Amino acid sequence: MADIDYETKYFFPVKPIPRLSCRDPEALRLISSEKPVVLTDAKLCDSALKWNLDYLAQHIGPAKHVVFASQCDEFKYYDETKISQYCPNFKRPTQRLEITFQEFANKLTQWNPGQEKLYLQQGLNSSVGTVIAADFVSFNWPWLNAQTKTQGWGTLTSNLLLVAMAGNVTPVHYDEQQNLFCQLVGHKRCILFSPDHHDRLYPHPVYHPHDRQSQADIFKPDFDKFPGLRQISAQSAVLGPGDVLYIPIYWWHHISSLHNHPYTVSINFWYKGASTDMVIYPLLDRQKVAIMRNIEKMIMDALKKPTEVDQFFQSLILGRYT
Ligand SMILES: CC1(C)c2ccccc2-c2ccc(C[C@@H](CC(=O)O)C(=O)C(=O)O)cc21
Ligand SMILES: [Zn+2]
């Protein structure tokens, strides 16, 4: 597929994510070693390749769907519970709406520049209409179940239906789940960074509403505030309809919808990681991230106040471990 992403320039080195057949042993080797790969022929959600705006509006049913509205192209995730608990002055970067799919589709077709951008993000559940349910049932579950069994992944925790407007950006963040990301309509550019980038992508503190999100903007880098940005390097792929990207657990990713189509439709499959990790030294980078997260949670539980936590870690490290 022609690389329609030619206009993007990066300040950091970027290598292509391998595009392989799901029958290629190299693809399975990459998944087993928790490295990204684009599977070009998994036929995971072929029945959903026809899920365009009209089809979804017609068949998904009258239930309300979660839609985020943003004054800019960015849709940075935030944890509502951490706002009330630790950061009462936190300014939400997006507004959470609950509207029917038809209302969402109307807003998209009537959208004009200068209006807020919208991003529908809805877990697929039993409320969907029978036609959509039938498409869902005919996903390639045999391959999926065999794959997750081979890899020892946990349960499928959710499938998110994602309908984004062209230009929408999900900024750099990581998730604590294995992710098989299926592109259905339009194209998405995915930029991935390995988990050892924890000290180069500066995640917000675990207690912060933007937990797991990078404080830095890789397209407007602040090298004074985040000098580690100079050392980042990525793998990238442009996903088209039928492509399945494996985003390994704890891998940072930046995902944006390209302008060659007015909107994009994707579905992700989030799986819990393997239940018990054999503790083999040296520890994996993602295991060190998990340990750091546990330490941050413990100290917050002990000290209760963000300012106390900040002071505690400064005292622990400055002049001693720096
Ligand atoms: C930005 C948005 C809509 C959002 C808002 C508020 C809370 C959660 C989320 C959320 C979660 C996942 C995605 C899909 C994807 C990014 C992408 O495709 O844009 C991704 O990161 C992944 O599959 O892991 C997108 C979103
Ligand atoms: Zn994510």
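To be clear, the structure that these remarks concern was listed above.
So, a few notes on the structure that sits alongside this text. (Residues numbered from 1 in each chain as written. Chains lettered and ligands numbered in written order. Predicted model: local features only at pLDDT ≥ 70, side-chain atom pairs only at ≥ 80, totals over all residues. Heavy atoms only, no water.)

Regarding the coordination of the zinc ion (ligand 2)
For step 1, the next point in the chain: Taken together, His173 (NE2), Asp175 (OD) and His253 (NE2) make up the protein donors of the zinc ion (ligand 2), found 2.0 to 2.1 Å from the metal.
For step 2, the next point in the chain: Within one chain, the residues serving as donors to the zinc ion (ligand 2) are arranged as H-x1-D-x77-H. Taken individually, histidine 173 and aspartate 175 each receive the classification buried, so the pair is uniform in this respect. (Donors = N, O, S within 2.8 Å, 3.2 Å for Na, K, Ca; no water. Buried < 20%, exposed > 50% of the residue type's maximum accessible area, 1.4 Å probe, protein only.)

With respect to the packing of aromatic side chains
For step 1, the next point in the chain: Enumeration according to the criterion identifies 21 aromatic pairs in this entry.
For step 2, the next point in the chain: Taken together, the aromatic side chains of Tyr10, Phe11, Phe12, Phe193, Phe219 and Phe223 make up a single cluster linked through ring pairs.
For step 3, the next point in the chain: The ring of phenylalanine 223 is capped by arginine 230, whose NZ or CZ atom sits 4.2 Å from the centre of that ring. (Phe/Tyr/Trp six-rings, centres within 6.5 Å; stacked < 30°, edge-to-face > 60°. Lys NZ or Arg CZ within 6 Å of the ring centre and 35° of its normal.)

Here's the deal with the site of ligand 1
For step 1, the next point in the chain: In the neighbourhood of ligand 1, 17 residues make up the surrounding shell, with Tyr77, Tyr119, Gln121, Thr170 and Asp175 lying closest.
For step 2, the next point in the chain: For ligand 1, an oxygen atom lies 3.0 Å from a polar atom in the side chain of histidine 173.
For step 3, the next point in the chain: Asparagine 268 is positioned with one of its side-chain polar atoms (N or O) 2.9 Å from an oxygen atom of ligand 1.
For step 4, the next point in the chain: Protein chains shield 94% of the accessible area of ligand 1, which is 530 Å² for the free molecule.
For step 5, the next point in the chain: When residues of the shell around ligand 1 are traced back to their parent elements, those giving at least two are strand E6 (117–123), strand E7 (156–165), strand E8 (169–173), strand E9 (178–185), strand E13 (252–257) and strand E14 (263–271).
For step 6, the next point in the chain: A breakdown of the residues in the shell around ligand 1 according to their chemical character gives 9 nonpolar, 6 polar and 2 charged. (Near = heavy atom within 4 Å. Polar contact = N/O pair within 3.5 Å; in protein donor to acceptor, adjacent residues only side chain to side chain. Areas by Shrake-Rupley, 256 points an atom, 1.4 Å probe, with all protein chains shown as cover. Helix = DSSP H or I, 4+ residues; strand = E, 2+ residues; numbered from the N terminus. Nonpolar A, V, L, I, M, F, W, Y, C, P; charged D, E, K, R; others polar.)

Observations concerning the pairing of strand E10 (residues 188–193)
For step 1, the next point in the chain: Where burial is concerned, most of E10 is hidden: 6 out of the 6 residues are buried.
For step 2, the next point in the chain: Going residue by residue along E10, you find Lys188, Cys190 and Leu192 tucked away on one face and Arg189, Ile191 and Phe193 tucked away on the opposite face as well.
For step 3, the next point in the chain: In this structure, E10 lies alongside strand E11 (residues 234–239), joined through 5 bridges in antiparallel fashion. Bridging from a neighbouring strand, isoleucine 191 pairs with serine 236 of E11. (Pairing = 2+ DSSP bridges.)

Details of the pairing of E6
For step 1, the next point in the chain: Extensive coverage of E6 is indicated by the burial of 5 of its 7 residues.
For step 2, the next point in the chain: Where E6 meets E7, 5 bridges bridge the pair, whose relative direction is antiparallel. Residue pairing across strands places tyrosine 119 opposite alanine 164, the latter belonging to E7.

These figures capture arrangement, not role.
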